[in-house]
Amino acid sequence: PPILLPDSRCSPGGEGGARCVCSVAAIPEASITFDLPSRNLTLWDRDFTLVGGGQGVVTGILTLKGTFDPTFSVLCSARNLHGSFRQQLRFQHPGGLVWAKVGPVGAVVAFAVVIALVCYLSQSRRK
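The numbers attached to residues start from 1 for each chain and follow its sequence in the written order. Whole-chain, interface and lining totals are the exception, using all residues; otherwise, since this is a predicted model, local features are given only for residues with pLDDT of at least 70 and side-chain atom pairs are given and counted only at 80 or more. Values shown for side chains rest on all heavy atoms present in the structure; no hydrogens or waters enter the calculation.

In the annotation of an unreviewed UniProt entry, the entry for the protein reads SMP protein, and the organism field reads Rhinopomastus cyanomelas.

The structure is reproduced here in structure tokens:
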């Protein structure tokens, strides 16, 4: 049966909304659907971007616009001739993206500022 890959999740999108990724490994390749239970809606591959990753991996990318309440859920379903599964995608917390937004250079600068501040404070206590 199809297997959900670990990079499957929903994360905040630009200008509000969210981007949901459902990656599935299955041989033969599986068909993917997204279910939005709170909206009573099922989306097929014509409603979202579908990318073939080769070697039996298929990724569906669903872009949602607007704001969502905390109970909003997105389910990823996959099916092939060997079976099917359906699983809720976890939402990545926006706070976890701070370093991704700042980037590696910003992280190095922030670290250098902290080190300089510690050195300054230790020198001022010695005087």
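Undergrad: In this structure, what is going on with the side chain of Thr59? I would like to understand it.
TA: Locating Thr59 in the fold gives a position in strand S7 (residues 57–64). Classification of Thr59 by relative accessible area gives buried; the value is 14%. Within polar-contact distance, the side chain of Thr59 engages the side chain of Ser23 at 3.0 Å. In this description, contact between two residues means that some pair of their heavy atoms is separated by no more than 4.5 Å. If we ignore the near neighbours within four places in the chain, the residues touching Thr59 are Val21, Cys22, Ser23, Ile32, Thr49, Leu50 and Val51. Put simply, DSSP H or I for four residues or longer makes a helix, DSSP E for two residues or longer makes a strand, and each gets a number counted from the N terminus. Remark: exposure states derive from per-residue accessible area (1.4 Å probe, protein chains only) relative to the maximum for the residue type, with buried under 20%, exposed over 50%, and partly exposed in between. The definition of a polar contact used here is a pair of N or O atoms within 3.5 Å, where within protein one atom must be able to donate a hydrogen and the other to accept one, and adjacent residues in sequence count solely through side-chain atom pairs.

Undergrad: Explain the layout of surface pockets here, please?
TA: Gaps between atoms show up when a probe of the same size as a water molecule is rolled over them. Only protein atoms enter the 1 Å grid used here. Points where a 1.4 Å probe fits but cannot escape make up a cavity, open sets with protein on both sides within 12 Å along at least five of seven lines make up a pocket, and a residue lines them when an atom lies within 4 Å of a point. Grid points are joined across faces, edges and corners, and a volume is the space filled by probe spheres set on the points. In this structure, the second largest pocket spans a volume of roughly 170 Å³. Forming the walls of the second largest pocket are Ser31, Ile32, Thr33, Asp35, Trp44, Ser77, Ala78, Arg79, Ser84, Phe85 and Arg86. At the level of elements, strand S4 (31–36), strand S8 (75–80) and strand S9 (83–88) are the ones that each hand at least two residues to the lining of the second largest pocket. In the lining of the second largest pocket, the residues fall into four nonpolar, four polar and three charged. Each residue gets one of three labels, nonpolar for Ala, Val, Leu, Ile, Met, Phe, Trp, Tyr, Cys and Pro, charged for Asp, Glu, Lys and Arg, and polar for the others, Gly among them.

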